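# Structural characterization, general
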Amino acid sequence: MADLPVIVVEDDPFTRLIPLVLDPNASEERRAAFADFMSTDEPDFAGWCARVRKGSAALYPAEVRLVTSEEEMRANLADCVALVTESLRVTRDDLAAAPKLKVLQKFGSGLRNVDAAACADKGVKLLTLRRRANVSCAEHAFGLMLMLARKLDELDGLVTVERIKARQGAFKPFQREHTPGGNYARLGGTRQLNGATIGIIGLGEIGKEIAIRARAFAMNVLYHQRTRAPESEERELGARHVPLATLLAESDFILPQLPTLPSTRDFLGRAEFAQVKRGAYLVNVSNAAVVNRDALIEALRHGPLGGAALDVHYKEPVAEDDELLAFDNVILTPRMAGSPRFNGLNDFEEMITKLAQEFAK
């Protein structure tokens, strides 16, 4: 396979799609596993691969090498023609060690880990991707926020006298000759997003997508992270950088958007929940480990949290006797934020096709 173009790809559960399209020696076991994974939205995964492969003929067949570390990436740069990175750093020295490199694809849109100037100096085409799954995660976060604020899960079906009596104990109609008739179920405690404060912990790619949508809802956007974003980005997003304590104390909705690292485990614990504004909601579409489970349950049971919506869980699938299932003010969804599957499929069709176009030049 030495005569085949070599593509070096940072190993990620989704980037494993690339060899399935471009490398004829890709694992058949993995191919079958992806066909099963994609079947909820794409029943003909083999047909999808064939279609993308046909549109990327300049790169097929190729040898795709999946790497899990910067050291492993560097060990494979000598004969690499295309490099796909998500979080691995690519420096000027790395580019110098890759004489055949024509194109560098960032699996995402942020370039903090890539030396863009060095790419330009070396004539390496730098491609980015606004990931559709990130957009979907932001949409799901807002769906969860709306469910919490508008109590949509409680209101679903609460439209008949019988159901209202079962839920509220009685049905008492308003005096319509004098008053409007809205909320005839008399369910109190709903809130709105307009004018509320959202606190985003980590203004990465998904965090930015959330901030964009928060501005459309006329929310006040706070964010916290170690490195402040450029002022131009803050202006564009309408976001204000604050200390974590300020974010917790002022936010009506708290959304952790942190990577899964040893340093972020239990990032929100008892000390942090003690600083949270009473009645605030926690919405997590990022990863469960950043929130200490015991502290979360305590904050739900005794305050200050008014509720939580979680798309990520401490064990998946969730155990039937999980305490969180018993809370009326907790919404749990089965890791749906990045769905549908076509988000990933369309991302990789775009990515592979553009890589092939650059390679053909």
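Look up a bit, the structure's there.
Remember, it's a predicted structure, so these values are computed and weren't measured experimentally.

Cut-offs applied
- Residues numbered from 1 in each chain as written.
- Predicted model: local features only at pLDDT ≥ 70, side-chain atom pairs only at ≥ 80, totals over all residues.
- Heavy atoms only, no water.
- Helix = DSSP H or I, 4+ residues; strand = E, 2+ residues; numbered from the N terminus.
- Buried < 20%, exposed > 50% of the residue type's maximum accessible area, 1.4 Å probe, protein only.
- Contact = heavy atoms within 4.5 Å.
- Core = buried A, V, L, I, M, F, W, Y, C linked by side-chain atoms within 4.5 Å.
- Pairing = 2+ DSSP bridges.
- Right-handed = clockwise from strand over helix to strand, strands pointing away.
- Salt bridge = Lys/Arg side-chain N within 4 Å of Asp/Glu carboxyl O.

A few words now on the environment of L355. By the element assignment, L355 lies in helix α15 (residues 342–360). Here L355 falls in the buried class, since its relative accessible area comes to 0%. Separated by 251 residues in sequence, L355 and L104 place their C-alpha atoms 8.6 Å apart. The residues contacting L355, other than those within four sequence positions of it, are L59, A82, V84, V103, Q105 and L127.

Let us now look at the nonpolar core. By size, the foremost hydrophobic cluster in this structure holds 31 residues, and its most contacted members are I198, I210 and F253. Those elements giving two or more residues to this core turn out to be α7 (132–150), β6 (197–201), α10 (205–216), β7 (220–224), β9 (253–256) and β10 (281–284). Looking at which element gives the most residues to this core, the answer is α7, with eight residues. Contact partners of I210, with chain neighbours within four places excluded, come to A138, A141, F142, I198, I200, L255 and Q257. Core analysis: the second largest hydrophobic core is formed by 30 residues, V9, A26, V84 and V103 among them.

Here strand β4 (residues 103–106) shows no split at all, with V103 and Q105 on one side and L104 and K106 on the other all buried. Judged from the four bridges that link them, strand β3 (residues 80–85) and β4 form a sheet pairing that is parallel. By the bridge assignment, A82 is partnered in β4 with V103. Sheet analysis places β4 next to strand β5 (residues 125–127), joined by three bridges and oriented parallel. Residue pairing across strands places L104 opposite L126, the latter belonging to β5. In terms of handedness, the path from β4 via helix α6 (residues 116–122) over to β5 forms a crossover that is right-handed.

Applying the stated rule across the entire model yields 27 salt bridges. Note that E209 and R213 form a salt bridge whose closest N and O atoms lie 2.9 Å from each other. In this pair, E209 and R213 both sit in helix α10, four residues apart, roughly one turn of the helix. With respect to burial, E209 and R213 carry one shared label: buried. Here E298 and R270 are joined by a salt bridge, their closest N and O atoms 3.0 Å apart. Linking E298 in helix α14 (residues 293–302) with R270 in helix α13 (residues 270–273), this pair joins segments that are 28 residues apart in sequence. When salt bridges with common partners are traced through the structure, they connect E70, R74, R89 and D94 into a single cluster.

Regular strands have side chains that alternate between both faces of the sheet. Among the five residues that make up β7, four are buried, leaving the element largely enclosed by the rest of the structure. Bridge count between β6 and β7: five bridges; the pairing is parallel. Bridge pairing in β7 links G199 to L222. The parallel pair β6 and β7 is bridged by α10, and the resulting crossover is right-handed. Looking at chain direction, β7 and strand β8 (residues 239–241) are connected through three bridges and run parallel.

The subject of this paragraph is unusual backbone geometry. In the segment running from Y60 into P61, the intervening peptide bond is cis, with an omega of 0°. Inspection of the secondary structure puts P61 in the loop between α3 (45–54) and β2 (63–67). Note the cis peptide between S339 and P340, where omega equals 10°. As for its position among the elements, P340 is in the loop between β12 (330–332) and α15. A positive phi angle, close to 55°, is found at N183, a residue other than glycine.

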